Amino acid sequence: MLGIFLVSCLFPAAELSDFGHKYVMEVRQQQELLLLEIERSVAKSIRQEESRKFSVNSSLSFNITKDSLLTQPIIQGGEASDTQSRARRKFVKEMMKHAWDGYAAHAWGKNEVRPVSKSGNSGTVFGASDTGATIVDSMDTLFIMGMDEEFARGKQWIAANLNLTQIKEDVNVFEINIRYVGGLLSL
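Everything numeric here is computed off the predicted structure, so don't read it as measured data.

Student: Before we go on, may I ask you to explain the packing of aromatic side chains in this structure?
Tutor: Two descriptors summarise a pair of aromatic rings, namely the distance from one centre to the other and the angle between the planes of the rings. Scanning the model with the defined rule gives four aromatic pairs in all. With a centroid separation of 6.0 Å and an interplanar angle of 45 degrees, the aromatic rings of Trp-100 and Tyr-103 are classed as tilted. Residue Trp-100 and its partner Tyr-103 are both found in helix α4 (residues 83–107); the two are separated by three residues, about one turn of the helix. In this pair, the class of Trp-100 matches that of Tyr-103, namely buried. An aromatic cluster of at least three residues, connected via ring pairs, comprises Trp-100, Tyr-103 and Trp-108. The ring centre of Trp-108 lies 4.0 Å from the NZ or CZ of Arg-153, which sits over that ring.

This is how it looks when you write it as structure tokens:
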């Protein structure tokens with residue numbers, strides 16, 4: 001644009017029309033070539049990305065069968081090498097056991113336990129129905145911590161008693177999703 005302005009100032013009007021037109025056409029042609037080069041570069045990048053994704057996806061192929069879904073997952077990692085980490089893990093597991101035993105003794109099947117009154121609490125974000133939110137929500141933790149007896153007891157309660165169709169009141173959909181879906185995925 002600045003070039004056209006300078007040309008119009010330096011040449012008489014008669015010459016400007018021929019020269020200006022040629023100059024404008026040349027600039028447009030250069031812009032079109034630049035746009036084509038950009039489009040080619042973008043297309044090349046997209047092809048490279050798709051090629052990379054395909055090679056990654058094909059190398060990560062999984063053989064998922066009905067039998068593989070029924071097998072127990074393998075817990076990896078094992079014991080920590082340092083004493084402090086092992087002591088912390090043991091303490092956390094003991095706290096989980098304490099909390100689970102308190103819930104099981106005072107509020108089994110209720111959504112939550114009230115620790116001070118040692119009673120069950122169902123009137124929460126999960127509704128007023130006894131849908132065992134704590135049981136379902138704890139299943140993955142029980143499994144990961146290797147608390148097999150507690151896990152088996154929770155699994156039995158879920159199989160025999162969990163019925164989300166009994167919920168008739170408003171509930172917090174987010175809490176239901178993260179706790180129930182997350183817990184049920186561990187079964």
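Student: Explain the pattern of salt bridges here, please?
Tutor: Once their charged atoms are close, side chains differing in charge can pair, the charge on each being opposite to the other. Tallied over the entire structure, the rule returns six salt bridges. For Lys-97, the salt bridge goes to Asp-101, with nearest N and O atoms at 3.3 Å. Here Asp-101 and Lys-97 lie together in helix α4, a separation of four residues that amounts to about one turn. Under the relative-accessibility criterion, Asp-101 is labelled partly exposed at 34%. Between Glu-150 and Lys-97 there is a salt bridge; the shortest N-O distance is 2.8 Å.

Student: I'm lost on the nonpolar core in this one. Help?
Tutor: Phe-126, Ile-135, Met-139, Leu-142, Phe-151, Ile-158 and Tyr-180 are the most contacted members of the largest nonpolar core, which has 17 residues in total. At the level of secondary structure, the elements contributing two or more residues to this core comprise α4, α5 (133–144), α6 (148–161) and α7 (173–185). Ranked by residue count, the leading element in this core is α5, at six residues. Among all residues touching Leu-142, those that are not within four sequence positions of it are Met-96, Trp-100, Met-147, Glu-150 and Phe-151.

Student: When you look at the packing of α5 against α7 in this model, what are you seeing that I'm missing?
Tutor: Helix packing for two helices is described by the angle between their axes and how far apart those axes are. Packing of α5 against α7 brings their axes to within 7 Å, and their N-to-C directions diverge by 50 degrees. In terms of orientation, α5 and α7 fall into the oblique class. The element α5 and its partner α7 pack so that their crossing is left-handed. Between α5 and α7, the contacting residues are Ala-133, Val-136, Asp-137, Met-139 and Asp-140 on the first element and Arg-179, Tyr-180, Gly-182, Gly-183 and Leu-184 on the second. Looking at the contact of α5 with α7, its residues break down into five nonpolar, two polar and three charged.

Student: Is there a simple way to explain the side chain of Thr-131 in this structure?
Tutor: Here Thr-131 is to be found in the loop between β2 (119–121) and α5. A polar contact is formed between the side chain of Thr-131 and the side chain of Asn-111, at a distance of 2.8 Å.

Student: Please clarify how α7 should be interpreted in this entry.
Tutor: Given 3.6 residues per helical turn, the α-helix brings residues three or four places apart onto the same face. Between its first and last C-alpha, α7 extends 17 Å over 13 residues, near the 18 Å set by a 1.5 Å rise per residue. If you check which residues of α7 are buried, you get Glu-175, Ile-176, Tyr-180 and Gly-183. Looking straight down α7, one finds that the buried residues subtend no more than 100 degrees of arc, so they occupy a single side. Exposed and oriented more than 90 degrees from the buried face of α7 are Val-173, Phe-174 and Leu-185. With a side-chain oxygen positioned 3.0 Å from the backbone nitrogen of Phe-174, the residue opening α7 is Asn-172.

Student: I'm lost on the side chain of Glu-150 in this one. Help?
Tutor: Relative to the elements of secondary structure, Glu-150 occurs in helix α6. Here the side chain of Glu-150 touches Lys-97 through a polar contact of 2.8 Å, side chain to side chain. Apart from the residues lying within four places of it in its own chain, the contact partners of Glu-150 are Lys-97, Trp-100 and Leu-142.

Parameters and conventions
Residues numbered from 1 in each chain as written. Predicted model: local features only at pLDDT ≥ 70, side-chain atom pairs only at ≥ 80, totals over all residues. Heavy atoms only, no water. Phe/Tyr/Trp six-rings, centres within 6.5 Å; stacked < 30°, edge-to-face > 60°. Helix = DSSP H or I, 4+ residues; strand = E, 2+ residues; numbered from the N terminus. Buried < 20%, exposed > 50% of the residue type's maximum accessible area, 1.4 Å probe, protein only. Lys NZ or Arg CZ within 6 Å of the ring centre and 35° of its normal. Salt bridge = Lys/Arg side-chain N within 4 Å of Asp/Glu carboxyl O. Core = buried A, V, L, I, M, F, W, Y, C linked by side-chain atoms within 4.5 Å. Contact = heavy atoms within 4.5 Å. Axes fitted to C-alpha atoms, helices over the stretch in contact; angles between N-to-C directions. Parallel < 35°, antiparallel > 145°, perpendicular 65-115°, else oblique. Left-handed = near helix turned anticlockwise from the far one by under 90°. Nonpolar A, V, L, I, M, F, W, Y, C, P; charged D, E, K, R; others polar. Polar contact = N/O pair within 3.5 Å; in protein donor to acceptor, adjacent residues only side chain to side chain. Expected span 1.5 Å × (residues − 1). Arc of directions from axis to C-beta.

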